[in-house]
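# Working through the structure, step by step
Chain by chain, the residues run as shown.
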Amino acid sequence: MPGAFAILTSGGLDSGILLAESLARCTSATPLYIRSGLAWETAELQYLRRFLAALAQPALQPLVILDLPVSDLYGGHWSLTGQGVPGADSTDEAVFLPGRNLLLLAKSMLWCHLHGVATLALAVLRDNPFPDATPDFFAACQAVINQSVGGHVEVLQPYAGLSKAELMLRGKSLPLEHTLSCIRPVAGKHCGACNKCAERQRAFASAGLSDPTDYAAGKPCTV
């Protein structure tokens, strides 16, 4: 990854590992965070800033926060209200946010175009089941957004062939305790009982790694 990159960063495990690996391969990496008014974002940004502080080096550029509110789209959705959050035994489909990647790509690609950054990277994994995470979707978005501004920003998904366990092993030496995977944080901690906390626990377990997460309940849910 030579040159300047922007990394679409959520504060979670996948994008954190991608950002850290990008720093070793490019001359400049800018973390982009899209703030949409979701219930977990205050805690997520706190974790993300700690993670970035732990990675600090010349190639790491200051965090860029772009606002893209979705309250007019999602209304009383659980992602905004924090009520009725999908629990540990819910399916992947329960946490699907309609149009999420479309909105993220449009905002972040336009930022790259306006700031002369030629490459945007996302941490999409092989097992992602959602319709807005396919190679065809990303290729189409890249083409139409570039066409809209006469731009040439390239969208990369370097982890598209990796499983979660394979990715976790690549990031095992990173300060992953400073990442957040929770959609119902409690007092700034992982709740330990939501869909994403369960996914996080499975990720560490599948890679044979110790889970360093501080859960609000004192112990994680059963995975």
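Throughout what follows, the structure given in this document is the object of discussion. Predicted, not measured: the structure shown is a model, and the values here were computed from it.

## Comments concerning the sheet that holds strand E5 (residues 154–156)
If you walk across this open sheet you meet the five strands as E3-E2-E1-E4-E5, and the pairing is parallel. Only two strands of the sheet have a single neighbouring strand rather than two, namely strand E3 (64–67) and E5. Adjacent strand axes in the sheet meet at a mean angle of 30°, parallel and antiparallel pairs treated alike. In terms of strand pairing, strand E2 (residues 28–35) meets E3 through four bridges, oriented parallel.

## Observations concerning the pairing of E2
A large share of E2 lies buried, amounting to seven of its eight residues. As paired strands, strand E1 (residues 4–8) and E2 are joined by five bridges and run parallel to one another. Looking across to E2, one finds that Leu-8 is bridged to Leu-32. Taken together, E1, helix H1 (residues 13–23) and E2 form a β-α-β motif whose crossover is right-handed. Following the backbone out of E2, through helix H2 (residues 41–55) and into the adjacent parallel E3, one traces a crossover that is right-handed.

## Things to note about helix H8 (residues 195–206)
Relative to the 16 Å expected for twelve residues at 1.5 Å per residue, H8 spans 16 Å between its end C-alpha atoms, a close match to the ideal helical length. Of all the positions in H8, only Asn-195, Cys-197, Ala-198, Arg-200, Gln-201, Ala-203 and Phe-204 are classed as buried. Residues of H8 that are buried sit in contact with H1 and helix H7 (164–170). Just beyond H8, the residue with positive phi is Gly-208, at close to 70°.

## Focus: the environment of Arg-35
Within the secondary structure, Arg-35 is located in strand E2. Spatially, the C-alpha atom of Arg-35 lies 9.4 Å from that of Val-70, the residues being 35 residues apart in sequence. Side-chain polar atoms of Arg-35 contact the side chain of Asp-67, separated by 2.6 Å.

## Remarks on the pattern of salt bridges
Summed over all chains, the structure comprises seven salt bridges. With its nearest N and O atoms 3.7 Å apart, the salt bridge here joins Arg-126 to Asp-127. A residue is classified by how much of its surface remains accessible, and Arg-126, at 46% relative accessible area, is partly exposed. Residue classification places Asp-127 among the partly exposed residues on the basis of a relative accessible area of 47%. Here Lys-189 makes a salt bridge to Asp-214, at a shortest N to O gap of 3.3 Å. With a gap of 25 residues between them, Lys-189 in the loop between H7 and H8 and Asp-214 in the segment after H8 connect regions that are remote in the sequence.

## Observations regarding the nonpolar core
Counting residues in hydrophobic clusters, the biggest one holds 30 residues, and the most contacted among them are Leu-19, Leu-55, Tyr-159, Met-168 and Leu-176. Of all the secondary-structure elements, those providing two or more residues to this core are E1, H1, E2, H2, H7 and H8. No other element matches the six residues that H1 contributes to this core. Discounting chain neighbours no more than four positions away, the residues touching Tyr-159 are Asp-14, Ile-17, Leu-18, Glu-21, Ala-123, Val-124, Leu-125, Arg-126, Leu-167 and Arg-170. In terms of nonpolar packing, the next biggest core, distinct from the first, is built from 23 residues, Cys-112, Val-124, Phe-138 and Cys-141 among them.

## Looking at the packing of H1 against H2
At a minimum axis distance of 11 Å, the contact between H1 and H2 shows a crossing angle of 25°. Looking at the two axes, H1 sits roughly parallel to H2. As for how H1 packs across H2, the hand of that crossing is right-handed. Here H1 contributes Gly-16, Leu-19, Ala-20 and Leu-23 to the contact with H2, which in turn contributes Phe-51, Leu-52 and Leu-55. Considering only residue class, the contact of H1 with H2 consists of six nonpolar, one polar and no charged.

Conventions and cut-offs
Residues numbered from 1 in each chain as written. Predicted model: local features only at pLDDT ≥ 70, side-chain atom pairs only at ≥ 80, totals over all residues. Heavy atoms only, no water. Pairing = 2+ DSSP bridges. Helix = DSSP H or I, 4+ residues; strand = E, 2+ residues; numbered from the N terminus. Axes fitted to C-alpha atoms, helices over the stretch in contact; angles between N-to-C directions. Buried < 20%, exposed > 50% of the residue type's maximum accessible area, 1.4 Å probe, protein only. Right-handed = clockwise from strand over helix to strand, strands pointing away. Expected span 1.5 Å × (residues − 1). Contact = heavy atoms within 4.5 Å. Polar contact = N/O pair within 3.5 Å; in protein donor to acceptor, adjacent residues only side chain to side chain. Salt bridge = Lys/Arg side-chain N within 4 Å of Asp/Glu carboxyl O. Core = buried A, V, L, I, M, F, W, Y, C linked by side-chain atoms within 4.5 Å. Parallel < 35°, antiparallel > 145°, perpendicular 65-115°, else oblique. Left-handed = near helix turned anticlockwise from the far one by under 90°. Nonpolar A, V, L, I, M, F, W, Y, C, P; charged D, E, K, R; others polar.

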